[in-house]
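Letter by letter, the chains look like this.
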Amino acid sequence: MGTAALVREARRVGTTVARLRELGAGEPEVARAVAGRIGLTAALAEELAVRWAGDHAGIGVLRTLAAQPATGPEWLALFAVHPDEQVRRAVAAHRATPKPTVRALAADSAATVRRAVAARERVPRRVVPALLDDPAAEVRLAMARRPGADPTQLRVLAADPDPEVRAAAAAHRHTPGEALLTLAGDPDLLVLAALAGNRFTPEPALGALTEAACRGLAGRGLAGRTEPGSSDPGQLPRQIVDSLLENGRLPTPLLELFAATEDRGLAARAALLLKARAERAGTEHPC
Amino acid sequence: MLTTSAWRARFDRLSGSDWYLHAGDLVVPEDLDHDIALVVDGDLTVHGFLDDHVSGAGLLVVLGDLTVRDLVSRGSVHVTGDLHAEGVVYGYGGEHVLEVGGLVHARALVPAGRSAAYRPGEVGVEIDSQRPTKVQLRSARRLFVPQVYDGGARRAREGRPPKLERPSCRRVRARLHTGKPLFREPAIHETL
């Protein structure tokens, strides 16, 4: 039987555990298919780890085992010092990786591994300062995108030298108001666009953005701002305006500013929003 | 149940769009509520069922193989490689798209609508999306528990088989979300 047929057998729903054990001890490609199986037992995962840990040909098996939910903490701790970066990256992302191992991986030489630590659902408190100050922007960006990032961390990230990191902080619901206010003066359009779309951006920051956007429509505002990564120079200013209009917390006086612009399409859109607000207010019962 | 957006720190945001990218293989250790637009540049393995219409409408592009326990989709799923499902692949809704470049392996394949493009591999039963045959429906009835059919549980109590029709999407989803079996015979992951 060829390798492809054995791989199919290893992935087949009806294959017995005894047969999976045999297949796992055979060719590396077939063993990898066994290692990635849904519902693999911890015992079979361990057998595979024992069989392939010292075999360079089985690097694919180890990468798969390092991401397999059935792999136990002891093996994950061993895989964490493996020379292969992808193995360590998978360990860094694994839920069952022991905390001391995660702490060690936070100082890994590979940025992709440190990023995987930063993107974990739970990051050990002790490694947070190092990750916030990591030399690789992708690691700090992962910290800024964490749903569980706290205001203290986001305050630091809002002052990051990298605009993408600041933009992620500007978009985060946990970023403190004063940090968002500071970001309203950011020289980067990417940051302003993120800020405009954040439902928790304070009114003064929304006001500053609205005025800048209105000036921009008249060809005066947002000048000198930089747009990293944007292929369409007009895209981000428009995105800022769109985000502001879609932001349900944009105060009515600011919406009136848009309604008074020379851009007829925008003015009509703002006027419609104003009308809708007025109708909503009219139908609300005082209580 | 894990929500994909809760893992967004693991992904890169594609410039100027709402799409996210994961470079390399991605392994999800539990059931997945897929609520964002995501490209996986590698294989995606979900150690549970994948539902793309719980918290939000999910869009999924997998540039390698997609392996799941079960897939219930109302959004769009594009897989460049093979799609392996230990249980069911169930598509529903008029806007559902299922495109698989390789083969689809599943115990039961129940695509929906006209936007399904794939080649069946090892499939226990396939119910045609447009005109399911009686043979297909009978095979499905032998495979699925009666409770996935509307009125199936009551008919089973009365000693009658379910009506010859597609399993109910609502019931399939409900059973997956509550961890109840879809099939009469347990899958290998339930016996391992």
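Before any of the text, the structure's been laid out above.
Residues numbered from 1 in each chain as written. Chains lettered and ligands numbered in written order. Predicted model: local features only at pLDDT ≥ 70, side-chain atom pairs only at ≥ 80, totals over all residues.

Draft legend 1. Representation of the overall build of chain A within the structure. A tally of helices and strands in chain A yields 19 helices and zero strands. Taken along its principal axes, the extent of the C-alpha atoms in chain A is 75 × 45 × 40 Å. Out of the 287 residues in chain A, the part that is buried amounts to 43%. Counted over contacts in chain A with a minimum sequence separation of 6, partners at least 24 positions apart contribute 49%. (Helix = DSSP H or I, 4+ residues; strand = E, 2+ residues; numbered from the N terminus. Buried ≥ 20, exposed ≤ 12 C-beta atoms within 10 Å, placed from the backbone. Contact = placed C-beta atoms within 7 Å.)

Draft legend 2. Here's a closer look at the overall build of chain B. Looking only at helices and strands, chain B features four helices and 14 strands. Computed over C-alpha atoms, the radius of gyration of chain B comes to 17 Å, within 12% of the 16 Å expected from 2.2 N^0.38 for 192 residues, which places it in the range of a compact globule. Principal-axis analysis of the C-alpha atoms places the extent of chain B at approximately 55 × 30 × 30 Å. Buried positions account for 45% of the 192 residues belonging to chain B. Across chain B, contacts joining residues at least 24 apart in sequence account for 24% of those joining residues at least 6 apart. (Rg over C-alpha atoms; globule rule 2.2 N^0.38 Å.)

Draft legend 3. Just the nonpolar core, in detail. Judged by nonpolar contacts, the single largest core of 84 residues is most densely connected at A:Leu48, A:Val117, A:Leu195 and A:Leu209. Broken down by element, the residue count for this core peaks at eight residues, all from helix α15 (residues 189-196) of chain A. Excluding anything up to four places from it in sequence, A:Leu209 contacts A:Ala184, A:Leu192, A:Leu195, A:Ala196, A:Ile240 and A:Leu244. In terms of nonpolar packing, the next biggest core, distinct from the first, is built from 45 residues, B:Leu71, B:Val79, B:Tyr90 and B:Tyr92 among them. (Core = buried A, V, L, I, M, F, W, Y, C linked by C-beta atoms within 7 Å.)

Draft legend 4. The arrangement of the environment of B:Glu122 in detail. Within the element layout of this structure, B:Glu122 appears in strand β14 (residues 116-126). Taking the C-beta count within 10 Å as the criterion, B:Glu122 has 15 such neighbours and is therefore assigned partly exposed. In this structure, the C-alpha to C-alpha distance between B:Glu122 and B:Glu95, residues 27 residues apart in sequence, is 26 Å. With residues up to four places along the chain from it excluded, the contact list for B:Glu122 reads A:Arg12 and B:His105.

Draft legend 5. Here's a closer look at α15(A). Burial analysis of α15(A) places eight of its eight residues in the buried class, which makes it a mostly covered element. Those residues of α15(A) that sit buried are A:Leu189, A:Leu190, A:Val191, A:Leu192, A:Ala193, A:Ala194, A:Leu195 and A:Ala196.

Draft legend 6. Representation of the interface of chain B and chain A. Contacts between the two partners involve 20 residues from chain B and, on the opposite side, 23 residues from chain A. Among the elements of the structure, β7 (44-51), β9 (66-73) and α4 (188-191) of chain B are those that each provide at least two residues to the side of chain B that touches chain A. Of the residues contributing to the side of chain B that touches chain A, the split by class is seven nonpolar, seven polar and six charged. (Nonpolar A, V, L, I, M, F, W, Y, C, P; charged D, E, K, R; others polar.)

Draft legend 7. Broad picture of the packing of helix α11 (residues 137-145) of chain A against helix α13 (residues 163-171) of chain A. Residue and element names in this part refer to chain A. Two numbers describe how α11 lies on α13: the axes approach to 8 Å, and their chain directions differ by 5°. Judged by the angle between their axes, α11 and α13 are roughly parallel. Contact residues: α11 offers Ala137, Arg140, Leu141, Ala144 and Arg145, while α13 offers Glu164, Val165, Ala168 and Ala169. Each residue belonging to the contact of α11 with α13 can be placed in one class, and the counts come to six nonpolar, no polar and three charged. (Axes fitted to C-alpha atoms, helices over the stretch in contact; angles between N-to-C directions. Parallel < 35°, antiparallel > 145°, perpendicular 65-115°, else oblique.)

Draft legend 8. Representation of the pairing of β9(B) in the model. Residues and elements named next belong to chain B. Of all the eight residues making up β9, eight are buried; the element is thus mostly covered by neighbouring parts of the structure. In the sheet, β7 pairs with β9 via six bridges, with the strands oriented parallel. Its bridge partner being in β9, Asp51 is matched across the sheet by Val72. Sheet topology note: the β9/strand β12 (residues 88-91) ladder contains three bridges and is parallel. (Pairing = 2+ DSSP bridges.)

Draft legend 9. Representation of the packing of helix α5 (residues 59-67) of chain A against helix α7 (residues 85-93) of chain A within the structure. Residues and elements named next belong to chain A. Axis separation between α5 and α7 bottoms out at 8 Å; the angle between their running directions is 10°. The angle between α5 and α7 falls in the class roughly parallel. Only Gln86, Val87, Ala90 and Val91 of α7 make contact with α5, whose side of the interface consists of Leu62, Arg63, Ala66 and Ala67. By residue class, the composition of the contact of α5 with α7 is six nonpolar, one polar and one charged.

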